[in-house]
Amino acid sequence: MTPSNRVELALPHTNKTDLVLEEGAHKRMAQVLAVDDVDSSDDRAEGSTSRTQPRSLMSHTSATPGIGSPLRRDERYCFDDGNVILLVYDTFFKVHRSRLCVDDSVFSTLFCLPQETDSNVEGVSWHRPIRLPEKPRRFANLLWALYALPAELNSVADDSANCLRLVDIAMAAQKYGFQTTENWAVDRLKKVIKTSENVDGVVNPWRVFSVATVCQNNELRQLMIERIIHQANHRRLAWSWLVTIGESLQITELMGEGYYHLVIRDHTRWNEDGKLTEAQVAKLYIGLCRLAAYKDLLFGSPILPIVDHDCLMGPDICRARWELMWRQALDLCGLPSVHIVGYLAAVLKYMRHNVEIQKGFLSSPEFAILGASKDETKIGSKLLQWYISHGKTITPAHPKEDVLGGIPTVRKLSDLASPQETSLSIVTPPKITLSAIQEAEKLRISSIWIQPGAEDAAVVEYIKNSDYLKTRTIYGGPCVLASGGDILKSSL
C-alpha cells in the first residue's frame, strides 16, 4: 500500500488516532464527512441545520437539534430486536447492523472500529446513539430500500411521491456507499423521467440534477435535459422556465434552448408570463441584435461548398448555382427573421429533399436526354457520354439527327418507348426547356433533371405551379456530371 492510498482519521473513543483505512473505505468515509447537498424549502422545514462545516459521523455535536427540540423515535424503523441505535437530527432509529453492512458500505467500516470500553460504545443505547448529519426523511427512505422485498422494489409507482423517495434513496445510498441500492434508485428515476407526461409535475428537476451530479451519472443528467426540452417543444413547459432552471443550475443546454426560443418570438411576448428578470430580458435584446446580424450575414454570404470535382462548368459557375439554390431554400422558409437555426435546418431539409429526388432520378430503368449534339465539346454530348459510361440505358432526343454517340435518337419525347419509366435530362436553352417540361408533364415522365443554365424565371415559375413537376424536377444548381457519381455510390 502506497502512502497515497492511506488516510489518517482522528475518531473519538478510539485508542488509535492514526487509524489507517483502505482507499475504498476512506473515500466513502470522506463522502459522509463532506458537505451535504443544498436543502430545498421543504427540507429546511424539517429542521435541517447549516451544512457549511464537515461533520464527523460519530460526533456528539453534529446534527444536534436546537435547544428545547424534542427527540422522537421513528414509528417504522425502531425494531425491538434492532442492535444499533442512530440519532438522525431529532429522530431515533433502531435497526439491524446486518442491513447497514451490505454492499461494503461506510457502516461496515464503522462497526469494525475499536472502541475504548463496552460502556462507551456508541449505538448500543438510547443515551449514546450514533449521530448522523442527515435528514430523517432521507435516512428513512434509505432504510425502506434496504429492508424492502424485491416485489416492493419492483412495484414502486412512477408518481411525484415515489420520485422524491427515489431521489432520497439515490443521494443517501451514494453518501453511505450502498452501490447496488444507488444503481437501483437511479435506474428507477430514469424510468420515471422517460414515462412522465409532465416532468415538472412529477419530478423536481433541481433534485434530479443534484442526484446526477452527486452520483456522477451523466446519462441521468442528459436524459433530464432532453425530456425538459422535448416537453418545452410540445408546449408543456414554458421557455422562460428553462431559462430559470438553466441559470440556477448552470446548465448551458437549457439556457441556450430557452433564450433562443424566446428571442425568435415577437419581443412583446417575451415576458408574457412575468417570470423573467430584468437582466434576462436584457440578455434577450442583446441576443436579438446578434442574431439579426448573423441573419444578414447568412443571406449575404451563403455557406459555400468545397468544389473539389472536375465540373465542366468550372468552380465559379458551380458556386454561383449553389448560391442560387441556397437563396431558394431560404426564401421558402417563411421563418422569423432571426430564426438562424430554423433557416439552417430548412436549408438542410431542402438539400436532403433534392438528394432524394436525385436518387429517384438515377434509379430509373431508362433515361433520355434532350440537348445532345454531334459537337462532343458541348455539355449535352458530354452528359450523353456520362450515361453511357455508367451503363445506363439512354435515348437521345433530337429533331434532326438520327444517331448521337452511336445511339439511335427519337424525334420527340412522345416517341420514347416508356415515358412513365424514363428519367429526362434537359440541356437546352430556357425557351425550349419550357416547352419540353410542358410535354413531359403531359407524358407523365418519371423525373426531370434540368442542367444549370437551362432554366429561367418562366421555367421555375411553371415548375412551382405544377403539382406534378415540383416534386420530381431537379433544377436551380445541381449538375449530373458533378453530383451523379456520388449519388450512384450512395445508392449502392
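For the structure itself, look to the data block above.
Attention in this report is confined to the structure presented alongside it. (Residues numbered from 1 in each chain as written. Predicted model: local features only at pLDDT ≥ 70, side-chain atom pairs only at ≥ 80, totals over all residues. Heavy atoms only, no water.)

Concerning unusual backbone geometry
Selection rule: To qualify as a helix, a DSSP run of H or I must reach at least 4 residues; to qualify as a strand, a run of E must reach at least 2; elements of each kind are numbered from the N terminus.
Even without being a glycine, Asp103 presents a positive backbone phi close to 65 degrees. The phi dihedral of Gln216 falls on the positive side, at around 50 degrees, and the residue is not glycine. In this structure, Gln216 sits in the loop between helix 10 (205-214) and helix 11 (218-233).

Notes on the pattern of salt bridges
What counts, and what does not: Definition used for salt bridges: Asp or Glu carboxyl oxygen within 4 Å of a side-chain nitrogen of Lys or Arg.
Following the criterion strictly, the structure yields 12 salt bridges and no others. The salt bridge involving Glu247 is made with Lys283; its shortest N-O contact spans 3.0 Å. Taken together, the residues Glu247 in helix 12 (residues 239-249) and Lys283 in helix 14 (residues 278-300) connect sequence positions 36 residues apart. For the salt bridge of Lys374 with Glu401, the shortest nitrogen-to-oxygen distance reads 3.3 Å. With a gap of 27 residues between them, Lys374 in the loop between strand 7 (366-370) and helix 17 (379-389) and Glu401 in the loop between strand 8 (394-397) and strand 9 (403-404) connect regions that are remote in the sequence.

Let's talk about the packing of aromatic side chains
Put simply, the rule is: For Phe, Tyr and Trp, rings pair up if their centres lie within 6.5 Å, where Trp contributes its six-membered ring, and each pair is then called stacked (planes under 30 degrees apart), edge-to-face (over 60) or tilted (otherwise). Exposed residues in this analysis have more than 50% of their type's maximum accessible area, buried residues have under 20%, and partly exposed residues fall in between, with area computed by a 1.4 Å probe over protein chains only. In our convention, an over-ring charge means Lys NZ or Arg CZ found within 6 Å of a ring centre and within 35 degrees of that ring's normal.
Following the criterion strictly, the structure yields 16 aromatic pairs and no others. When the centroid spacing of 6.3 Å and the interplanar angle of 80 degrees are considered together, the rings of Phe139 and Tyr176 count as edge-to-face. With Phe139 in helix 5 (residues 136-147) and Tyr176 in helix 7 (residues 160-176), the pair connects residues that are 37 residues apart, well separated along the chain. Comparing Phe139 with Tyr176 shows no difference in burial state: the two are buried. In this structure, Arg73 is placed above the aromatic ring of Trp126, and the distance from its NZ or CZ to the ring centre is 3.7 Å. Above the ring of Trp144, the side-chain terminus of Arg165 is found at 4.2 Å from the ring centroid.

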